[in-house]
Amino acid sequence: MNKKSLISLGLLVVILILEILPYGAVCIFATETETYRQVYSYFSGVPFGYANFGPFYTAALTCILLLLFTINLFLKKKNLNGILIMISISSVFVSILPLISGIRYFTVIGAIISLLLVAVTVSFLWQFKN
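Residues numbered from 1 in each chain as written. Predicted model: local features only at pLDDT ≥ 70, side-chain atom pairs only at ≥ 80, totals over all residues. Heavy atoms only, no water.

Chemist: Outline the pairing of strand 2 (residues 35-40), supporting the account with residue identities and numerical values.
Modeler: Pairing between strand 1 (residues 25-30) and strand 2: 6 bridges, direction antiparallel. The residue of strand 2 that forms the bridge with Phe29 is Tyr36. In this antiparallel pair of consecutive strands, strand 1 and strand 2, the connection spans 4 residues. (Pairing = 2+ DSSP bridges. Helix = DSSP H or I, 4+ residues; strand = E, 2+ residues; numbered from the N terminus.)

Dropping the structure here:
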């Protein structure tokens, strides 16, 4: 295992930890007089049930990335490299999906997760360029 692989693996683990924390996915509920903002984990079904699909899909893609990258570390399959890059690019786009509903549906933790996913994508491109 080389230094590039350890960086990618570390970034994926940090992303997964941030997604588990209950501060990333946002739902905005309204009563007759006011609205209030509630935050959830990326793995929670509540935002998904209220049509905020981005966080749950981001969490699922992160788990798939972590699993495939770990398999790739031990088996050294060249055909997994392209799949990892495509899934990581997809996860970046899905992670910013809540911005379609407005900035109120995006948190600082969500922004950090998105930036770390960009870093993972760049790391994969740098690592698999051969």
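Chemist: An account of the packing of helix 3 (residues 54-75) against helix 4 (residues 79-95) is requested, with residue identities and associated values reported.
Modeler: Closest axis-to-axis distance for the helix 3/helix 4 pair is 9 Å, and the angle between their directions is 160°. Accordingly, the angle class assigned to the pair helix 3 and helix 4 is roughly antiparallel. Taken as a pair, helix 3 and helix 4 cross one another with a handedness that is left-handed. Contact with helix 3, carried on its side by Gly54, Tyr57, Thr58, Leu61, Ile64, Leu65, Leu68, Phe69, Ile71 and Asn72, involves Leu80, Asn81, Ile83, Leu84, Ile87, Ser88, Ser90, Ser91, Val94 and Ser95 of helix 4 and no other residues of that element. Grouping the constituent residues of the contact of helix 3 with helix 4 by class yields 12 nonpolar, 8 polar and no charged. (Axes fitted to C-alpha atoms, helices over the stretch in contact; angles between N-to-C directions. Parallel < 35°, antiparallel > 145°, perpendicular 65-115°, else oblique. Left-handed = near helix turned anticlockwise from the far one by under 90°. Contact = heavy atoms within 4.5 Å. Nonpolar A, V, L, I, M, F, W, Y, C, P; charged D, E, K, R; others polar.)

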